[in-house]
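Below are the chains, spelled out letter by letter.
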Amino acid sequence: MQDLFKLEGKTAVVTGGSRGIGYMIATGFVEAGVKVYISARKADACNAAAEELSKKGECISIPADLSSEEGVKMLCDAIKEREDKLDILVNNAGATWGAPFEEFPNAGWDKILGINVKGPFFMTRELMPLLKKAADPEDPSRIINIGSVAGFDTGGVAFSYGPSKAAVHQMTKNWAFQFAKDHITVNAIAPGPFPSKMMAFLTDNEETRKMVEAGIPLGRIGTPEDAAGLSIFLSSRAGAYVTGVIIPLDGGMLVQGKSA
């Protein structure tokens, strides 16, 4: 039973791993003995994050812009040059766009759908041969897509973000069925409020943070341990029989009928 959550010796890719949820997950993996590749659009930030994580274990930076198929292919080719199999893929890289409905631009759809939906699709397509090679009936390869509570909820002014995350949730279920025969599990984590650049306007100010926490049944925003813990569960033997589910990581916000 003590090996249920053991990940030592596995290899993972975490996109958007230089900050926010991605950095939290990458940190948990590195500390659990996983060899972790992280990517981010900004090379300096990606390299700095990998350098910091390398103090805890093995972390490699491969900066890449995942808003285009070409950028995804560049990243995946670099990984293929270094690895012949891959145990865990975390599709975390994402973006949001806020603007009034009457002024919401085409770019606010193209950019968000490109990064949030097309990016995970092309990443998974390119790395599928490596995931299949690592897969085993008792220890499947794992794909973890990062969705959002916004993919369930209504309201707000990020008009393209919620639909993009709903698409990620649907894509997750589609893939789970399609890739089960290859011994690959596919699940999604749908975070609520966590400390991140995307949520900084709500969490960095003490007054607004308290307002957010007052609306969360568990009374607090998420922590790095929360993000890492669920990812480790899904990637370990403990989660080997779980596939096709979207797990809210939100302190109970959805069960009371609202998200951030």
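Residues numbered from 1 in each chain as written. Predicted model: local features only at pLDDT ≥ 70, side-chain atom pairs only at ≥ 80, totals over all residues. Heavy atoms only, no water.

## Quick notes on the nonpolar core
Alright, step 1. Within the largest apolar cluster, 29 residues are counted, with the highest numbers of intra-cluster contacts made by Val14, Ile25, Phe29, Val36, Ile38, Val90 and Ile189.
Alright, step 2. When residues of this core are traced back to their parent elements, those giving at least two are β1 (11-15), α1 (20-31), β2 (35-39), α2 (43-53), β4 (88-91), β5 (141-146) and α8 (224-235).
Alright, step 3. Ranked by residue count, the leading element in this core is α1, at six residues.
Alright, step 4. Sequence-distant contacts of Ile25, defined by excluding residues within four places in its chain, comprise Val14, Val90, Ile146, Ala227 and Ser231.
Alright, step 5. Core analysis: the second largest hydrophobic core is formed by 28 residues, Ala64, Leu86, Met128 and Trp175 among them. (Core = buried A, V, L, I, M, F, W, Y, C linked by side-chain atoms within 4.5 Å. Buried < 20%, exposed > 50% of the residue type's maximum accessible area, 1.4 Å probe, protein only. Helix = DSSP H or I, 4+ residues; strand = E, 2+ residues; numbered from the N terminus. Contact = heavy atoms within 4.5 Å.)

## Structural notes on the packing of aromatic side chains
Alright, step 1. Enumeration over the complete set of coordinates arrives at six aromatic pairs.
Alright, step 2. Judged by centre distance (5.5 Å) and plane angle (80°), the rings of Phe121 and Phe122 are edge-to-face.
Alright, step 3. Members of the aromatic cluster, joined through ring pairs, are Phe101, Phe104, Trp109 and Phe159. (Phe/Tyr/Trp six-rings, centres within 6.5 Å; stacked < 30°, edge-to-face > 60°.)

## Topic: the pairing of β1
Alright, step 1. The buried fraction of β1 is high, at five of five residues.
Alright, step 2. Taking every second residue as pointing to the same face, both faces of β1 are buried, with Thr11, Val13 and Thr15 on one and Ala12 and Val14 on the other.
Alright, step 3. In terms of strand pairing, β1 meets β2 through five bridges, oriented parallel. Across the sheet, Ala12 pairs through a bridge with Val36, a residue of β2. (Pairing = 2+ DSSP bridges.)

## Considerations on unusual backbone geometry
Leaving glycine aside, a negative phi is the common case for residues, and trans is the common case for peptide bonds.
Alright, step 1. Even without being glycine, His183 reaches a positive phi, approximately 60°.
Alright, step 2. Tracing the sequence through the fold places His183 in the loop between α5 (161-179) and β6 (184-191).
Alright, step 3. When its relative accessible area of 34% is taken as the criterion, His183 is described as partly exposed.

## Overview of α8
Alright, step 1. The first and last C-alpha atoms of α8 sit 16 Å apart over 12 residues, in line with the 16 Å expected at 1.5 Å per residue.
Alright, step 2. Along α8, the positions that sit buried rather than exposed are Ala227, Ala228, Leu230, Ser231, Ile232, Leu234 and Ser235.
Alright, step 3. The secondary structure elements touched by the buried residues of α8 are α1, β4, β5, β6 and β7 (246-249). (Expected span 1.5 Å × (residues − 1).)

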